[in-house]
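As a plain string of letters, each chain reads:
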Amino acid sequence: QVQLVESGGGLVQAGGSLRLSCAASGTIFSINTMGWYRQAPGKPRELVATITNIGSTNYQDAVKGRFTISRDNAKNTVLLQMNSLRPEDTAVYYCRAFGSRDYWGRGTQVTVSS
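All of the points below concern the structure found in this document.

Conventions adopted
Residues numbered from 1 in each chain as written. Predicted model: local features only at pLDDT ≥ 70, side-chain atom pairs only at ≥ 80, totals over all residues. Heavy atoms only, no water. Helix = DSSP H or I, 4+ residues; strand = E, 2+ residues; numbered from the N terminus. Contact = heavy atoms within 4.5 Å. Polar contact = N/O pair within 3.5 Å; in protein donor to acceptor, adjacent residues only side chain to side chain. Salt bridge = Lys/Arg side-chain N within 4 Å of Asp/Glu carboxyl O. Buried < 20%, exposed > 50% of the residue type's maximum accessible area, 1.4 Å probe, protein only. Phe/Tyr/Trp six-rings, centres within 6.5 Å; stacked < 30°, edge-to-face > 60°. Lys NZ or Arg CZ within 6 Å of the ring centre and 35° of its normal. Disulfide = S-S within 2.5 Å.

**Description of the environment of T90**
Here T90 shows up in the loop between β8 (77–82) and β9 (91–99). For T90 and Q39, which are 51 residues apart along the polypeptide, the C-alpha to C-alpha distance reads 8.5 Å. Sequence-distant contacts of T90, that is, excluding residues within four places in its chain, are made with A40, Q109, V110, T111 and V112. Reaching out from T90, the side chain makes a polar contact with the backbone oxygen of P87 at a distance of 2.9 Å. Within the local environment of T90, its side chain forms a polar contact with the backbone nitrogen of V112, the two atoms lying 2.9 Å apart.

Printed below as a string of C-alpha cells:
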C-alpha cells in the first residue's frame, strides 16, 4: 500500500550533476524522516542524507558540500541534488521514509564515469 518511487538516476561524467527524486504514495503513517541511502557493488548500504519533517538535515561526510537534500511534505517527495559527482559516488541509491514504520524504494542506479 506504500510505494516510494525513485527517479533521476543515470550515467554522468565526473564533475557533473544529477537530481534524484522520490515520490511517496499510498497510506503512510507517522513518517518523521525521509532520506537517501546508497549501496555500491560489494559494499554495505550506507547513509547519504536524511531530512526530518521539520527540515533538519544530516549528511554523510563524503557528500557534504556536494549534495543537498530537500523535502516537500505536502507532496510527500524528497529530492537529492548531487553536484560535483565523483566515480566513488557510483551506487544504487535508495529512498527511505521512516518513523514508526520503515519504507524503502526499489533503488535507482547512479553511475559516474571518470
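Further notes follow.
**A word on the pattern of salt bridges**
Counted under the stated rule, the structure contains five salt bridges. A salt bridge links K64 to D61, with the shortest nitrogen-to-oxygen separation between them at 3.0 Å. Relative accessible area serves as the criterion here: at 60%, D61 is assigned to the exposed category. Among the salt bridges present, the one from D89 reaches R66, with a minimum N-O distance of 2.8 Å. Separated by 23 residues along the polypeptide, D89 in the loop between β8 and β9 and R66 in the loop between β6 (57–59) and β7 (67–72) bring together distant segments of the chain.

**Describing the packing of aromatic side chains**
A complete count under the given rule lists one aromatic pair for this structure. Geometry around Y94 places R45 over its ring, the cationic atom sitting 3.6 Å from the centre. When the ring centre of W104 is taken as origin, the NZ or CZ atom of R45, which lies over that ring, is 4.7 Å away.

**Quick notes on the side chain of T33**
In this structure, T33 sits in strand β4 (residues 31–39). Residue classification places T33 among the buried residues on the basis of a relative accessible area of 7%. Separated by 2.7 Å, the side chains of T33 and N32 make a polar contact.

**Structural notes on the state of the cysteines**
In the structure shown here, the tally under the stated rule is one disulfide. The disulfide that involves C22 links it to C95, with 2.0 Å between the sulfurs. Looking down the S-S bond of the C22 and C95 bridge, the torsion is -85°, so its handedness is left-handed. One end of the pair, C22, is in strand β3 (residues 18–26); the other, C95, is in strand β9, with 73 residues separating them in the sequence.

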